[in-house]
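The residues making up each chain are set out below.
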Amino acid sequence: MAGAVLPGAADEAREAVRALTDCWTSLGAEDRSLFVARYVEKMEMTDVAAAHKMSLFHCQAAPSSFAQRVDSRMKSEPALAEYVAC
């Protein structure tokens, strides 16, 4: 379940999960899919491009751009700022 937190978790943890879920979903399905393929599934960029039926050029820039946007949003969100490496 998206955004699920254990029943005994602190309010701060619940707020952080909510804020991260909001941040993640605000960035679009294509960006999330590209990011997951590259960084979670650890696919090679040529495979990411083929799986998404996109040019290699587009796929090379998209996951990095997405990661930068998530990092920026996390830094500006009080509930997440402490989790972002400075």
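Above this text sits the structure in question.
Computed from a predicted model, the values in this text were never measured in an experiment.

Participant: What is the right way to read the packing of aromatic side chains from this model?
Facilitator: Two measures describe an aromatic ring pair: the distance that separates the ring centres and the angle between the ring planes. Applying the stated criterion to the full structure yields two aromatic pairs. Residues Trp-24 and Phe-35 carry aromatic rings whose centres are separated by 5.7 Å and whose planes lie at 75° to one another, so their mutual orientation is edge-to-face. Pair noted here: Trp-24 is in helix α1 (residues 11-25) and Phe-35 is in helix α2 (residues 29-40), with a separation of eleven residues, a long-range link. By relative accessible area, Trp-24 is classed as partly exposed at 29%. Seen from their ring centres, Phe-35 and Tyr-39 are 5.0 Å apart, and the 45° between their planes marks the pair as tilted. In this pair, Phe-35 and Tyr-39 both sit in helix α2, four residues apart, roughly one turn of the helix.

Participant: Even after reading the chapter, I still don't get the pattern of salt bridges, so can you show me in this structure?
Facilitator: Close approach of charged atoms allows side chains of opposite charge to pair. Under the defined criterion, the tally for this structure stands at four salt bridges. Among the ionic pairs, Asp-31 bridges to Arg-69, the shortest N-O distance being 2.8 Å. One end of the pair, Asp-31, is in helix α2; the other, Arg-69, is in helix α4 (residues 56-76), and 38 residues separate them in sequence. Between Lys-75 and Asp-71 there is a salt bridge whose closest N-O contact spans 3.1 Å. Of the two residues, Lys-75 and Asp-71 both sit in helix α4, four residues apart, roughly one turn of that helix. Linked by salt bridges that have partners in common, Glu-15, Arg-18 and Asp-22 make up one network.

Calculation notes
- Counting restarts for each chain, with residues numbered from 1 along the sequence as it is written.
- Per-residue local features are limited, in this predicted model, to residues with pLDDT of at least 70; the limit for side-chain atom pairs, both in listing and counting, is 80 or more; totals at the level of whole chains, interfaces and linings are taken over all residues.
- Side-chain figures throughout are based on the complete set of non-hydrogen atoms in the structure, without hydrogens or water.
- Any pair of Phe, Tyr and Trp rings, taking the six-membered ring for Trp, is counted once the centres come within 6.5 Å. Such a pair is stacked with planes under 30 degrees apart, edge-to-face with planes over 60 apart, and tilted for the rest.
- Numbered from the N terminus, helices here are DSSP runs of H or I no shorter than four residues, and strands are runs of E no shorter than two.
- Only protein chains enter the calculation, and the probe is 1.4 Å; a residue is then buried if its accessible area is under 20% of its type maximum, exposed if over 50%, and partly exposed in between.
- A pairing counts as a salt bridge when a side-chain nitrogen of Lys or Arg comes within 4 Å of a carboxyl oxygen of Asp or Glu.

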